[in-house]
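Descriptive structure summary
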Amino acid sequence: MDDPSSKDNPRQANQASTSPNPPANSASMMDISAGELQHGDALLLSYRISRTLGFGSFGKVKIGEHVLTGHKVAIKVLNRKKVKSMDMEEKVRREIKILRLFRHPHIIKLYEVIETKEDIYLVMEYVKSGELFDYIVEKGRLVEDEARRFFQQIISGVEYCHRNMVVHRDLKPENLLLDSRGNIKLADFGLSNIMRDGHLLKTSCGSPNYAAPEVISGKLYAGTEVDVWSCGVILYALLCGSLPFDDENIPNLFRKIKNGLFNLPNHLSPHSRDLISKMLIVDPLKRITIPEIRQHLWFAYNLPRYLAVGHPETVLSTHSVDEEVIKEVARLGFDRDSVIESLKWRIPDKAVVTYYLILDNRQQPDVGYMGAPADINEIIPSMQMGTGGGGHWTGGLQRRPSAAAAALMQQRIFAERHWTLGTQSRKTPAKIMESIYSALVQTKASWKKIGPYVLKATYAMGSGFENEISGSAMKIEIQVYKLKEDYWQIDIQKLSGGVLQYLDLCSSLLKLCSDD
Amino acid sequence: MGNAQGKYAPEGGEGPPQAGSSHGGSGPTVTAPISINPPQRTSPGARGSSVPGSPLTYGPQPLMEPFAVTHAASRNSSGQPPPQEFHGVAGWPQQGTLVPTVLIWSHGGDSVEVEGSWDNWTSRLTLLKSGKDFTVVKLLMPGVYQFKFIVDGTWKYAPDQSAIFDEMGNVNNVVEVQEYVPENIEGISSFDLPESPQSSYLNDRMTSEDFVKDPPLMPQHLNLTLLNVPQFVEAPATLPRPQHVILNHIYEETHKSNENTHVLGMTYRYKSKYVTTVLYKSK
């Protein structure tokens with residue numbers, strides 16, 4: 001890439017030797033090295049940069065060594081111009097924000113972000129063994145125990161994302177990295193998105209082979225269900241060494257995905273077949289959910305304790321400051337109290353980066369008592385082992401669902417629809433919009449168009465619809481959906497404001513918009 | 001220590017949604033809170049300190065009266081023996097899920113044990129060394145429990161974990177076990193886009209171009225309102241956890257039986273709970 005700014009700078013680079021001195025000369029990455037020389041002092045002071053690990057969309061990934069601790073890191077170099085020219089600033093911004101928030105044994109860690117005029121450096125956890133993709137390509141299909149171990153770690157990471165209201169949307173073996181101990185690290189959150197209360201997602205993204213039918217059809221989805229599908233494809237790939245849906249011709253591929261037709265090889269065990277089939281159900285509402293996967297026998301077998309408990313991240317002493325690590329950080333010259341203070345407020349300063357590098361290189365979740373497989377009764381208490389079965393899986397494929405889960409299942413299948421979303425109408429969409437405008441005018445709202453059938457409306461303070469307690473103005477979103485041919489649904493959702501005021505307002509609006 | 005004197009007063013399961021009623025619910029645990037009075041307040045009037053639908057999942061003082069195992073077993077409608085480690089919390093629906101919970105001691109020592117209010121401090125569990133910490137995984141029903149470690153024979157609480165005074169003035173650690181790990185919506189708050197200015201609300205109308213295509217198909221997810229969940233005879237107060245997409249949307253009751261009343265409902269998030277509110281308004 002032609003970078004005019006680099007011409008003003010001597011071409012010097014960061015390609016390092018094994019010498020402990022900061023960068024030796026080398027001329028391989030002009031545009032990046034130019035930036036570093038000018039502004040990258042912070043990076044060069046903290047890290048010794050050596051060989052290139054790989055190439056991303058916007059620049060190289062290099063191996064670095066944290067000077068103070070000697071721990072290895074991966075440094076993702078993002079060239080600002082490239083990022084901008086590819087219109088990917090949002091993607092990069094999102095990935096940084098999300099990874100800064102997350103701390104999970106099976107999600108790649110971001111230690112710090114160093115910005116220069118030309119580049120953004122993401123200092124990340126170094127994983128030695130590359131992509132799960134290459135591992136499968138090299139080994140072919142895996143035995144069930146090995147596949148299960150990977151799958152348990154993947155599900156645990158995905159569950160953590162979902163719990164933090166993030167949907168990954170690009171899960172595939174290329175984005176699952178393996179560390180030196182063969183542990184999974186979820187990476188590349190560039191296509192991820194936030195799940196907000198009341199809101200569905202639409203953008204179709206990710207690799208077609210791993211994309212859920214509703215995603216490639218451009219339908220609206222909640223979020224978690226599309227990650228479950230991708231994990232189902234990954235599980236298939238782990239166990240079969242091939243993809244469930246594959247075709248060189250994209251329309252053919254999409255047809256296969258939408259029909260949900262795939263072959264299950266004979267070598268698969270009954271439990272793994274069952275799980276794959278449940279994850280690759282075309283109807284997103286009938287598809288198995290992550291809590292249900294956790295209860296599935298294939299998943300629960302040999303589940304290590306640290307993944308069996310609700311918060312694997314708390315097991316790793318993130319709830320408290322590790323005294324030994326603090327001592328180590330203090331020994332390296334940082335003030336003890338200010339380290340603790342920065343940790344508390346999650347300020348990613350040098351001391352905190354040092355703390356986490358030491359901590360993460362010490363902690364190994366997969367060892368000892370917590371790393372050992374939990375007894376099946378520790379995970380699925382209601383599992384009834386067959387008498388005299390000697391620990392064999394004589395129960396059903398899934399445990400007897402709890403009443404709550406049963407309610408959900410039943411609701412999925414035969415919901416008694418006494419309650420319907422918003423109100424329904426047989427008028428034309430244009431007429432429906434007219435009735436909505438008129439209802440908004442009558443209730444003294446201001447509105448703006450968000451999309452063809454979506455608008456946002458606000459009510460000024462003093463209109464009587466604001467929340468007196470929080471002082472927040474009433475704001476709603478109105479959307480028209482198609483229910484079936486010539487039958488439409490008006491949906492209202494609250495964006496802000498008081499609950500009772502909202503119910504009251506909706507009562508007026510729905511009456512004004514109704515057909516009779 | 002930790003001798004529980006608390007009274008328990010299971011709150012009745014709530015019926016179908018009533019005007020202004022609220023269903024709690026990070027899972028079913030909230031809809032039938034077991035409320036435990038602080039031990040010093042034993043007058044009948046003090047019972048039920050937690051109001052149905054109150055945002056508190058559990059009473060703040062969770063010590064349990066000692067229950068006989070048979071008591072718990074008698075509530076076990078399916079006739080299965082209760083799981084081995086489960087010794088009580090009567091009044092809890094049988095289908096409540098035991099949650100694997102990890103107890104950690106990370107302050108050294110050679111032998112670490114733990115006792116807790118889950119079985120009224122009657123048994124000791126040995127923690128195993130896992131890395132530099134001592135840990136044990138214990139199955140617990142959702143609820144709040146006090147516990148304390150015995151490190152090389154001495155009672156100790158972990159200063160880095162939640163702790164409270166018991167009625168004797170001892171410090172015990174305390175853990176809240178939730179059936180579901182609640183969603184964390186704090187973290188993504190930084191992703192909120194700035195509010196658009198009032199001046200952008202121009203009351204603009206759709207144009208003919210907007211009507212070229214039909215509106216999008218209604219996503220089926222939005223049909224999964226809690227308001228449509230049938231009641232269970234076994235566990236009338238149990239509700240599944242709603243998907244986030246149904247929150248804040250308005251639902252209308254379409255029964256023609258109440259022609260003169262407009263009945264609307266919605267479910268929204270309050271901290272880690274879900275609240276459903278129903279409005280009855282005369283037409």
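Along every chain, residues carry numbers that run from 1 in the direction the sequence is written. Lettering for chains starts from A, numbering for ligands starts from 1, and both go in the order in which the items are written. Only residues with pLDDT of at least 70 get local features here, since the model is predicted, and only at 80 or more are side-chain atom pairs given and counted; chain-wide, interface and lining totals rely on the full set of residues. The side-chain quantities take in all heavy atoms of the structure and omit both hydrogens and water.

1. Describing the pattern of salt bridges
Residues and elements named next belong to chain A. Salt bridge criterion: a side-chain nitrogen from Lys or Arg within 4 Å of a carboxyl oxygen from Asp or Glu. This structure, assessed with the given rule, holds 31 salt bridges over all chains. Between Lys109 and Glu125 there is a salt bridge, with its nearest N and O atoms 4.0 Å apart. In this pair, Lys109 sits in the loop between α4 (89-101) and β4 (110-115) while Glu125 sits in strand β5 (residues 119-125), placing the two residues 16 residues apart along the sequence. The burial state of Lys109 is the same as that of Glu125; both residues are buried. Counting from the N terminus, the helices are DSSP H or I runs at least four residues long and the strands are E runs at least two residues long. Only protein chains enter the accessibility calculation, which uses a 1.4 Å probe; a residue is then buried when its area is under 20% of its type maximum, exposed when over 50%, and partly exposed in between.

2. Overview of the sheet that holds strand β6 (residues 128-130) of chain B
Residue and element names in this part refer to chain B. Two strands are said to pair when DSSP picks up at least two bridges between them. An order of β3-β7-β6 is seen for the three strands of this open sheet, with the pairing classed as antiparallel. Single-partner strands in this sheet number two, and they are β3 (99-105) and β6. The sheet shows a mean angle of 45° between the axes of neighbouring strands, taken without regard to direction. Pairing of β3 with strand β7 (residues 133-140), which is carried by seven bridges, proceeds in the antiparallel orientation. Its bridge partner lying in β7, Val102 is registered against Val137. Note on geometry: axes are C-alpha line fits, over the in-contact stretch for helices, and angles between N-to-C directions span 0 to 180 degrees.

3. Describing the sheet that holds strand β13 (residues 261-270) of chain B
Pairing in this open sheet of four strands is antiparallel, and the strands run β10(A)-β12(B)-β13(B)-β14(B) from one edge to the other. The open sheet has two edge strands with one neighbour each: β10 (419-421) of chain A together with β14 (273-282) of chain B. With strand direction ignored, the average angle separating the axes of adjacent strands in the sheet is 30°. In terms of strand pairing, β13(B) meets β14(B) through ten bridges, oriented antiparallel. Pairing of B:Thr261 across the sheet is with B:Ser282, part of β14(B). Lying over the sheet, helix α22 (residues 499-513) of chain A contacts β12 (251-253), β13 and β14 of chain B, oriented at roughly 140° with respect to β13(B). Contacts are assigned to residue pairs that have any heavy atoms within 4.5 Å of one another.

Any link to function would need more than the numbers given here.
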